[in-house]
Amino acid sequence: MTRKTSGIYRAAADMFHKISKIFPKGRNRYAGFMVLLGIAVAMCSCTPRGGDGAQGKEIQEGKNSGDSDHAPSGEHVWNLTELPKPESAVRVTSLKYLSDGAVRISTGDAHFEHAAVMDSRDGGRSWEAADAATSPELEDEVIGKYYSAKGVPFAYSSMELILSADSGTEEKAVRMEEGETIFSADVSADTLAVLVLEEMQFHLKIYDLQTMECRYLEDPELSEFLARAADHAGGQISLDSQGNFLYIEGTGIGRYDLTQDRFGYLIGEELYDELINPNQENGLIHDLGIRDHFAVKDGEDQVLLSVSSPVSEQSKLYLLERGAPKEEKQVQKEKLRIYSLKESAIRQAATLFQEKYPELEVTFEIGCTGGNGVTLQDAIRTLNTELMAGEGPDILILDGLPADSYAKKGMLEDLTDLVEPDKENYFYNIISAYNGGERIYQMPLEFCVPVILGDADTVAVKNRRELMEVLRKKAGTGIPFMVSKNISEAALELFITSDIAGETINEVKLADYYRDLDTIADLCFSDGERDLFPVGDKMAYWAEQYPGVGFCPELDLYFGEAQAGITRIEALWDYMKILPLCREKGLSYQYLNRENGNYFIAVSVLGISSGGKNPDAAKQFLRFYLSGETYGDGAYPYFPVIRELAAGSRYVSEEGESVGGTSRKHTPDQTMDMYKLTPAELKDFTAFLDGLDTPVKDDAVVMQKVMEQAEACLFKGKDPESAAADACREVNLYLSE
């Protein structure tokens, strides 16, 4: 079972709510807790727009402004305005322009309960209860309940969609093929559009509701747009009221003419990016929040967006409207620049910090988005140049960066006096170990634990050599040592918890590591399975998404389909999945590769640049984060370094009562019961966390290069010595810069 935000990201946004049901733990949960960094997971940047005064932002057209055949002519801009929600609404769970021009939304509370349906006759500025029919019932768990342009309700699960009967029509139902998952859907007139997720790729199915015939949209430009949408947490779709035009939200708002089979843009990528990311200087970051629903009005002069925060557990409504430019007074604000090499959940904290301190202008910059041709090495070189010139960001999210080098060169502020006075409130063993037991220059805000699962012999191993001995001893039992889909995470975790990487890469040790991986693969793959192994399950992809991907082997062990598993305990929910193995199957868990230390993965590591322009605001941001205000009352994607939050009171009770069961998508009838932790179990596990004392080595460039060569060994037949030589040549050159 893979996890994706992003997947169980068990957070608050409706988008994430949907994804968590499709992927019970998720392929990109981290990318996801933001979104779904996900699968998965997008977050806010900074400056809030709109409010009770309906103030907004305007962007002139001209930058990929779209190619709509019936768009208004003349000079105009898109104005962004926040709209009021109905008084009782916390969440917006669906949104649609009806055929008569009204706007219909479904709402609920913070837990997606106490649903209500509301209509607006003035473009979303006031609301009234709708005279709406009840949504149809499904056998599977419902992901979404929506309305067609005619106001006919429909609902869907991950596999099935049912459209209620209308006057003169019968109820209609469609079911996905094996391996397909409904990600988004919309209905207008006689057209049903379904966005399908299959093998981590989007494709579109269009149904004629009169004949129920289905066709696939295979336009190359559309396919390219869908691929980018999947990479950047997009993928919501909407139809016009006649079912002639299909709109897709992603990197821009795509527009597909279903009558002419032609793809274009309603709002192009660059223009859309400026509208929703006004403070982003490099890369796509979703300034407003997680965009979970949208709709386009006939005439294409208005676009409604529903966005939500996984922390505040609130939805907001925004209107993008074509019109004349608005005059706004420009107020010069003090700036706080935050930089992250990759996607980071810190972005959401930046949004909340901006809301609390509106006198600041907080910007969030991403060095490597993956979509602009900039490599990890390019991004790091650019950042290093800025830092050396004294023009760098105020705050650095150090994940994947050569942070130890920055600290040694005096490029990071000493945070000891800020953090140490409250050390009893934190997992200080994590903070201290990450800084070598000395002064604090790098502040890990979250963490997780690489572990090995299995019987007593398996969890007793202390290094990879002992692991290989156990593996060979257990071969030939008819049960694989681990399932094949666990191999990529095993490869990654075994590398970052090893002594292969130091100031340089040890070529001999790396070749031995590649040889062992090949042996593991030989004993875990079935005949011919390597040739069919999906790209999204291979090592290079996992390194690229790190730490936002992982595998959940617990159910494979529980049902006797594997003897061992290598995974990460990222939150109490993960530990709750391991406990049934211990209670019922006599299995256990242990730190992975613990010969040289009890390893942990630090996530969202914050550093303050010594050359930043606003050190006081940067320190205030760290205080704000450590106050716990950035966390909602839900579950977290990783253990917060704040002890009280990591304890996860929602998952602990005196009786340890049931919280239901969990199953795999391909075997829904096989269920493993799960229970809350008792205080004694929480105490034992907290002691396990207190025993962590060694950070993994997870430089982003090093991991990427090493995993690319691991993939070449396992899937392309490259010999371990050549793979190690090639990896070392590239990595050691990078490390010497």
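Residues numbered from 1 in each chain as written. Predicted model: local features only at pLDDT ≥ 70, side-chain atom pairs only at ≥ 80, totals over all residues. Heavy atoms only, no water.

S.K.: Before we move on, can you summarise empty space enclosed by the protein with the specific residues and values?
M.R.: Estimated volume of the largest cavity: approximately 150 Å³. Residue lining of the largest cavity: 17 residues in total, with Leu-95, Tyr-146, Ala-185, Asp-186 and Ile-237 positioned closest to the centre. Secondary structure elements with two or more residues in the lining of the largest cavity: β4 (91-97), β8 (144-147), β9 (153-156), β12 (181-188), β16 (236-239) and β20 (290-296). Along the lines of polarity and charge, the residues of the lining of the largest cavity split into eight nonpolar, five polar and four charged. (1 Å grid on protein atoms, 1.4 Å probe; cavity = no way out; pocket = protein on both sides within 12 Å on 5 of 7 lines; lining within 4 Å. Points joined across faces, edges and corners; volume = space filled by probe spheres on them. Helix = DSSP H or I, 4+ residues; strand = E, 2+ residues; numbered from the N terminus. Nonpolar A, V, L, I, M, F, W, Y, C, P; charged D, E, K, R; others polar.)

S.K.: Describe the packing of helix α20 (residues 700-716) against helix α21 (residues 720-736), with residues and values.
M.R.: Put simply, α20 and α21 touch, their axes get as near as 9 Å, and they point 165° apart. The orientation of α20 with respect to α21, classified from their angle, is roughly antiparallel. Considering only the axes of α20 and α21, their crossing is right-handed. From α20, Val-701, Val-702, Lys-705, Gln-709 and Cys-713 reach across to α21, where they touch Pro-720, Ala-723, Asp-726, Ala-727, Glu-730, Val-731, Tyr-734 and Leu-735. Considered class by class, the residues forming the contact of α20 with α21 number nine nonpolar, one polar and three charged. (Axes fitted to C-alpha atoms, helices over the stretch in contact; angles between N-to-C directions. Parallel < 35°, antiparallel > 145°, perpendicular 65-115°, else oblique. Left-handed = near helix turned anticlockwise from the far one by under 90°. Contact = heavy atoms within 4.5 Å.)

S.K.: So, the packing of helix α6 (residues 376-388) against α20: which residues are in play, and what are the values?
M.R.: Axis separation between α6 and α20 bottoms out at 10 Å; the angle between their running directions is 165°. Of the possible angle classes, the one that applies to α6 and α20 is roughly antiparallel. Viewed along their axes, α6 and α20 form a crossing whose handedness is left-handed. For the pair formed by α6 and α20, the contact residues are Leu-376, Gln-377 and Ile-380 on the first element and Ala-700, Val-701, Gln-704 and Lys-705 on the second.

S.K.: Describe unusual backbone geometry, with residues and values.
M.R.: In this model, Tyr-546 is joined to Pro-547 through a cis peptide bond whose omega is 0°. As for its placement among the helices and strands, Pro-547 is situated in the loop between α14 (539-545) and β27 (550-551). Unusually for a residue other than glycine, Met-212 sits at a positive phi of about 65°. With respect to the element layout, Met-212 can be found in the loop between β14 (201-208) and β15 (214-217). Unlike most non-glycine residues, Ser-604 shows phi in positive territory, near 55°. You can see Ser-604 is positioned in strand β30 (residues 599-608).

S.K.: Go over the sheet that holds strand β13 (residues 191-198) with me, naming the residues and quoting the values.
M.R.: With antiparallel pairing, the four strands of this open sheet are ordered in space as β12-β13-β14-β15. Strands at the two margins of the open sheet, each flanked by one partner only, are β12 and β15. Strand after strand, the sheet turns through a mean of 25° between neighbouring axes, direction not considered. Taken together, the four bridges between β14 and β15 define a ladder with antiparallel strand orientation. (Pairing = 2+ DSSP bridges.)

S.K.: Mind laying out the packing of aromatic side chains, listing which residues take part and the relevant values?
M.R.: Taken as a whole and assessed by the stated rule, the structure comprises 26 aromatic pairs. A ring pair is formed by Phe-353 and Tyr-357, whose centres lie 4.8 Å apart and whose planes are at 45°; its orientation type is tilted. For Tyr-357, a relative accessible area of 19% translates into the label buried. Ring-pair connections join several aromatic residues into one group, and the members of that group are Phe-427, Phe-447, Tyr-575, Tyr-589, Tyr-591, Phe-639, Phe-685 and Phe-688. Positioned over the ring face of Tyr-147 is Arg-104, at 5.1 Å from the centre of the ring. Note that Arg-643 overlies the ring of Phe-427, its terminal NZ or CZ placed 4.3 Å from the centroid. (Phe/Tyr/Trp six-rings, centres within 6.5 Å; stacked < 30°, edge-to-face > 60°. Buried < 20%, exposed > 50% of the residue type's maximum accessible area, 1.4 Å probe, protein only. Lys NZ or Arg CZ within 6 Å of the ring centre and 35° of its normal.)

S.K.: Explain the nonpolar core to me, and be specific about the residues and the numbers.
M.R.: Counting residues in each nonpolar core, the largest one holds 150 residues, and the members touching the most others are Phe-495, Leu-510, Tyr-513, Tyr-514 and Phe-621. For this core, the element with the most residues is α20, which contributes ten residues. Not counting residues up to four positions away in its chain, the partners in contact with Tyr-513 are Arg-464, Ala-491, Leu-492, Leu-494, Phe-495, Ile-500, Val-706 and Met-707. (Core = buried A, V, L, I, M, F, W, Y, C linked by side-chain atoms within 4.5 Å.)

S.K.: An account of the side chain of Ser-188 is requested, with residue identities and associated values reported.
M.R.: Structurally, Ser-188 is set in strand β12. Look at Ser-188 and you get buried, because its relative accessible area is 0%. At 2.8 Å, the side chain of Ser-188 forms a polar contact with the backbone oxygen of Asp-240. (Polar contact = N/O pair within 3.5 Å; in protein donor to acceptor, adjacent residues only side chain to side chain.)

S.K.: Give a description of the sheet that holds strand β18 (residues 252-257) that names residues and reports values.
M.R.: If you trace the four strands from one edge of the open sheet to the other, you get β16-β17-β18-β19, paired in antiparallel fashion. At either margin of the open sheet sits one strand with a lone partner, and together these are β16 and β19 (262-267). With strand direction ignored, the average angle separating the axes of adjacent strands in the sheet is 25°. Pairing of strand β17 (residues 245-250) with β18 involves six bridges; the strand directions are antiparallel.

S.K.: Break down the pairing of strand β23 (residues 334-340) for me, with residues and values.
M.R.: Counting buried positions along β23 yields five of seven residues, so the element is predominantly enclosed. Note that β23 and strand β24 (residues 360-366) share seven bridges and pair parallel. Counted as the bridge partner of Leu-336 is Val-362 from β24. Here three bridges tie β23 to strand β25 (residues 395-397), and the two strands are oriented parallel to one another. Each bridged residue has a counterpart across the sheet, and for Ser-340 the counterpart in β25 is Ile-397.

S.K.: Give a detailed account of the pattern of salt bridges, specifying residues and quantitative values.
M.R.: Following the criterion strictly, the structure yields 38 salt bridges and no others. A salt bridge links Lys-96 to Asp-186; the shortest N-O distance between them is 2.6 Å. Of this pair, Lys-96 sits in strand β4 while Asp-186 sits in strand β12, and the two are 90 residues apart along the sequence. In this structure Asp-186 comes out as buried when scored by relative accessible area, which is 5%. Its salt-bridge partner being Glu-730, residue Lys-705 comes within 3.1 Å of it at the nearest N-O pair. Of this pair, Lys-705 sits in helix α20 while Glu-730 sits in helix α21, and the two are 25 residues apart along the sequence. Each member of the salt-bridge network shares a partner with another, and the members are Glu-489, Glu-493, Arg-568 and Glu-570. (Salt bridge = Lys/Arg side-chain N within 4 Å of Asp/Glu carboxyl O.)

S.K.: Help me get a handle on the pairing of β16, residues and values and all.
M.R.: With burial as the criterion, each face of β16 is covered, one bearing Gln-236 and Ser-238 and the other bearing Ile-237 and Leu-239. The hairpin formed by β16 and β17 contains five residues between the paired strands, and Gly-243 there has a positive phi angle of roughly 75°.

S.K.: Got a sec to walk through the environment of Ala-165? Specific residues and values, please.
M.R.: The residue Ala-165 is located in the loop between β10 (160-163) and β11 (172-175) in this model. Residues Ala-165 and Val-152, 13 residues apart in the sequence, show an inter-C-alpha distance of 7.6 Å. Dropping the residues within four chain positions of it, Ala-165 is found in contact with Val-152, Glu-170 and Glu-171.

S.K.: So what about the side chain of Glu-180? Which residues, and what values?
M.R.: With respect to the element layout, Glu-180 can be found in the loop between β11 and β12. Of the polar contacts made by the side chain of Glu-180, one reaches the backbone nitrogen of Glu-177; its length is 2.9 Å. At a separation of 3.4 Å, a polar atom in the side chain of Glu-180 contacts the side chain of His-203.

S.K.: Go over the confidence of the model for the protein, please, and point to the residues and values.
M.R.: On average, residues of the protein carry a pLDDT of 83, and 84% of them reach 70 or more. Low pLDDT (under 50) marks residues 1-74, which in the prediction has 351 contacts with non-local residues, meaning those over four places away or in another chain. Taken together, the stretch residues 279-287 has pLDDT below 50 and engages in 49 contacts with residues farther than four places along the chain or on a different chain. (pLDDT = per-residue confidence, 0-100.)

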